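Letter by letter, the chains look like this.
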Amino acid sequence: MAMEIFTLSDRRLNSIAEWQRAIDAESFGLQLSEETPFAQLGGILPVRYNNAPSGFECDHWDPRSVMDEDPNTAFGHAWKYALALRFGGRAGELESAWMAATAYARATAGVVFDTEENRVFQPDEAARLVRQIESKR
């Protein structure tokens, strides 16, 4: 069963390298593949989580379609950009997607929306969640 989270923001990062710098600033053990340019993301993004291969799907989405799907969720305002991250249950996918989303949200002054919980996470909350997930593994 695939799960999906979104980063919602009013600006985009310009490159995978910029995203990686945001991940490194969080001190996450995640390395993104730079094979696909950021603007062309649309499918599996290979990553290394704690030096082991992993990955998740990553696509640019229309933020309105994300926010319109759940009108009862308090998104804060109408965000300009949405980045979808989909993952399954294979080793490292959950951690990798949440780390990537958290770092992206913080770097863009955005938020992480968890579709499973219908909940919006501020970057500090998302970072705490990542640490909880890692401590349980």
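Everything that follows concerns the structure shown earlier in this document.
What you see is a predicted model, and the numbers here were worked out from it, not measured in a lab.

Asks: What am I meant to see in the pairing of strand 6 (residues 111-114) here?
Replies: Remember that side chains alternate between the two faces of the sheet whenever the strand is regular. Where burial is concerned, the two faces of strand 6 agree: the one with Val111 and Phe113 and the one with Val112 and Asp114 are both buried. Judged from the four bridges that link them, strand 1 (residues 3-9) and strand 6 form a sheet pairing that is antiparallel. Bridge pairing in strand 6 places Leu8 opposite Val111. Note that strand 6 and strand 7 (residues 119-121) share three bridges and pair antiparallel. In the sheet register, Asp114 faces strand 7, and the bridge partner there is Arg119.

Asks: Looking at this structure, I do not really get the packing of helix 1 (residues 16-25) against helix 3 (residues 93-107). What am I missing?
Replies: It is the contact of helix 1 with helix 3, at a shortest axis distance of 8 Å, that shows an interaxial angle of 100°. Between helix 1 and helix 3, the crossing angle belongs to the class labelled roughly perpendicular. Residues Trp19, Ala22 and Ile23 of helix 1 form the contact with helix 3, whose participating residues are Ala100, Ala103, Tyr104 and Ala107. Split by residue class, the contact of helix 1 with helix 3 holds seven nonpolar, no polar and no charged.

Asks: Can you help me understand the side chain of Glu18 in this one?
Replies: Tracing the backbone shows Glu18 in helix 1. The buried charged residue Glu18 lacks any salt bridge partner; its closest oppositely charged side chain belongs to Arg11, at an N-O distance of 4.0 Å.

Asks: How should the nonpolar core be read in this particular structure?
Replies: Within soluble globular proteins, side chains that are nonpolar generally end up buried alongside one another. One finds Trp19, Leu32, Phe56, Leu85 and Trp98 to be the most contacted residues of the largest nonpolar core, which totals 34 residues. No other element matches the nine residues that helix 3 contributes to this core. With near-sequence residues (within four places) excluded, Leu85 lies in contact with Met3, Glu4, Ile5, Thr7, Trp19, Phe56, Glu57, Ala97, Ala100 and Ala101. The next biggest cluster of nonpolar side chains, apart from the first, holds eleven residues, and it includes Leu8, Ala82, Ala84 and Val120.

Rules behind the numbers
- Residues numbered from 1 in each chain as written.
- Predicted model: local features only at pLDDT ≥ 70, side-chain atom pairs only at ≥ 80, totals over all residues.
- Heavy atoms only, no water.
- Buried < 20%, exposed > 50% of the residue type's maximum accessible area, 1.4 Å probe, protein only.
- Helix = DSSP H or I, 4+ residues; strand = E, 2+ residues; numbered from the N terminus.
- Pairing = 2+ DSSP bridges.
- Axes fitted to C-alpha atoms, helices over the stretch in contact; angles between N-to-C directions.
- Parallel < 35°, antiparallel > 145°, perpendicular 65-115°, else oblique.
- Contact = heavy atoms within 4.5 Å.
- Nonpolar A, V, L, I, M, F, W, Y, C, P; charged D, E, K, R; others polar.
- Lys, Arg positive; Asp, Glu negative; His and termini not counted.
- Salt bridge = Lys/Arg side-chain N within 4 Å of Asp/Glu carboxyl O.
- Core = buried A, V, L, I, M, F, W, Y, C linked by side-chain atoms within 4.5 Å.

Distances and angles like these do not, on their own, reveal function.
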